[in-house]
Amino acid sequence: MAVDSALSSPLGPPACEKDAKALQFIEETTRNADAVQERVLSEILSRNANTEYLKRFNLNGANDRESFKSKLPMITYEDLQPEIQRIANGDRSPILSAHPISEFLTSSGTSAGERKLMPTIQEELDRRQLLYSLLMPVMNLYVPGLDKGKGLYFLFVKSETKTPGGLLARPVLTSYYKSEHFKTRPYDPYNVYTSPNEAILCPDSFQSMYTQMLCGLIQRKQVLRLGAVFASGLLRAIRFLQLNWAQLAHDLQTGSLNQKVTDPGLKQHMDQVLKPDPELAELISQECSKENWEGILTRIWPNTKYLDVIVTGAMAQYIPTLDYYSGGLPLACTMYASSECYFGLNLNPMCKPSEVSYTIMPNMAYFEFLPHDPNSAGLTRDSPPKLVDLVDVEVGKEYELVISTYAGLYRYRVGDILRVTGFHNSAPQFHFVRRKNVLLSIDSDKTDEAELQKAVENASSQLLNEFNTSVVEYTSYADTKTIPGHYVIYWELLVKESANSPDEEVLSQCCLAMEESLNSVYRQGRVADHSIGPLEIRVVQNGTFEELMDYAISRGASINQYKVPRCVNFTPIMELLDSRVVSTHFSPALPHWTPERRR
């Protein structure tokens, strides 16, 4: 379609007039980022002026930045728990928001134990929908012809719970998929899914995955992009195909649906689309019965142009496995969001995963940034934090994200550490560094998620690559039962040539290689203080982390939001992992450490 040149965008030539308007919105909003932020804060404070929370801090109806910054403290979830509990128990007075709390959005609960309940209001769905509507217009700048086919996306809902006061509590994606915004979305040729709503909305994860996979196979030639929310979700789908391809091929051969699919709406839909196709059944059987699954995604879905999955942060460790199964297809990370708020999007979605930067959209919430110094001891009462506004962050510096939302979070610490990589117009772009929480600590050592991931990657690249073996999943815990305590790392390996698998000596060297990658405080504890014992790797059998995920889902985790916890300490999970250990290995020597001058 020819597009009016007046609507062309600095981001690139839009694919259609609708895209042109979306790109124009991005340009205008980011060009006027500070004015938009000022308006957003004014709206949030004005509409919520009579809430119990804002009255507590004597704002007296003020809606300017100066009053806001001088009177409202920075808070964490723990600070808000009493108010959230009251709302959950049925208190409908305006505690945090003047607008009624419509439901609670639950965090994945895998980062720090118990799931958090984030209050939200009905109109937040409009804001989330707005951000979603910007993703394809940006993607169309980089990948032409997406209106000529479909997307095979593995999307799932979680059955919701109710709080004592009767409000729904469910993951943000379940809320979105069950909303009219999603269920009655207008037809958009650039955003057609192979999965029917009936499959996405089916609460039984097996039936949902099975029929989504079956629909994806039936429409295999039309599939132009494959995706899930997180990289781990797409790998779960691949694993599902490995376990169920024979039954799927049988359904395709006979045109009859697996009897395990019992959902009436789903059965009715599948009756319309499932017809006998012996040729397709033969192809699936032929490809999936091969021992080598390298490039399986493009062998089954040959027209796929990219994978749409989040591979930033802790998800980066899945990149080699995705490359293996996809034959190196590009990985697109499109947006940055959480249960608390949707933040922004990637304006260069086809960049390398290590170069992903998200542009914060200033209309989504009021954003502030707490300068993050990895070496500082933390905040003290003597040195109150100076929060930086959105447009005033500095390139190269790291910040902790602090948000104020229309739904009633004020100066709330999200816990994400971001590094500024640049600006689009006056809106900053951020690389997601990590979650703030420390993972492992035995003594005075503190190992975070990024450091542990780097240690796993270093050991894998230095020692496992020559054996054509990779670490597909890992988790850890600080074993303090031994004296001294030591780090235990669980590894699930993908051994591509069983005749050339790494032996005991190699895996012991992996332990040492990991220790060499850890910080100097850890190595001092090992070498000088003898406060930390040798690092241990426990290799678990294939499929163990799949069982871990099934267990988490059975306890209420969301299949969409599930992330493998990088540190575990819950006894049933430890017992599950330990029951699947096939070999254990310890660091055979001390890592390198020399005394450093203390400041």
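Residues numbered from 1 in each chain as written. Predicted model: local features only at pLDDT ≥ 70, side-chain atom pairs only at ≥ 80, totals over all residues. Heavy atoms only, no water.

- In the nomenclature of an unreviewed UniProt entry, the chain corresponds to Indole-3-acetic acid-amido synthetase GH3.1 from the organism Fagus sylvatica.
- Quoted straight from UniProt, the Sequence similarities (unreviewed entry) entry for the chain says "Belongs to the IAA-amido conjugating enzyme family." (UniProt positions renumbered as here; feature names shortened; annotations may be inferred.)

## Quick word on the confidence of the model for the chain
Caution applies to low-pLDDT regions: their predicted coordinates should not be interpreted in detail.
Step number 1: Of the residues in the chain, 93% reach a pLDDT of 70 or more, and the chain-wide mean stands at 90.
Step number 2: Between residues 109–113, whose pLDDT stays under 50, and residues either more than four places distant or in other chains, the model counts 8 contacts.
Step number 3: With pLDDT under 50 throughout, residues 377–382 is counted as low confidence; its partners more than four residues away or in other chains account for 4 contacts. (pLDDT = per-residue confidence, 0-100. Contact = heavy atoms within 4.5 Å.)

## Focus on the packing of aromatic side chains
Step number 1: On inspection of all chains with the given rule, the structure shows 22 aromatic pairs.
Step number 2: With a centroid separation of 5.4 Å and an interplanar angle of 10°, the aromatic rings of Y53 and Y410 are classed as stacked. Of this pair, Y53 sits in helix α3 (residues 52–56) while Y410 sits in the loop between β14 (398–404) and β15 (412–424), placing them 357 residues apart in sequence.
Step number 3: Judged by its relative accessible area of 1%, Y410 falls in the buried class.
Step number 4: Ring geometry for Y210 against F240: centres 6.3 Å apart, planes inclined by 75°, an arrangement best described as edge-to-face. (Phe/Tyr/Trp six-rings, centres within 6.5 Å; stacked < 30°, edge-to-face > 60°. Helix = DSSP H or I, 4+ residues; strand = E, 2+ residues; numbered from the N terminus. Buried < 20%, exposed > 50% of the residue type's maximum accessible area, 1.4 Å probe, protein only.)

## Some words on the domain arrangement of the chain
Step number 1: Looking at the assigned domains, one finds that the chain contains domain 1 (17–120 + 338–435), domain 2 (147–304) and domain 3 (442–586).
Step number 2: A straight line from the C-alpha centre of domain 1 to that of domain 2 covers 34 Å.
Step number 3: Counting residues at the interface gives 16 residues for domain 1, matched by 13 residues for domain 2.
Step number 4: The largest share of the area that domain 1 buries against domain 2 comes from E103, F104 and Y342, three residues that together contribute 33% of it.
Step number 5: Seen at the junction of domain 1 and domain 2, the total is 2 salt bridges.
Step number 6: Between K18 and D188 there is a salt bridge, and its shortest N-O distance comes to 3.4 Å.
Step number 7: Mapped onto the side of domain 1 that touches domain 2, the elements with two or more residues apiece are α5 (77–88) and β1 (103–106).
Step number 8: Top contributing element to the side of domain 1 that touches domain 2 by residue count: β1, with 4 residues.
Step number 9: Here the side of domain 1 that touches domain 2 is composed, by residue class, of 7 nonpolar, 5 polar and 4 charged. (Domains from an automatic or database assignment. Buried area = accessible area lost by both parts, 1.4 Å probe. Salt bridge = Lys/Arg side-chain N within 4 Å of Asp/Glu carboxyl O. Nonpolar A, V, L, I, M, F, W, Y, C, P; charged D, E, K, R; others polar.)

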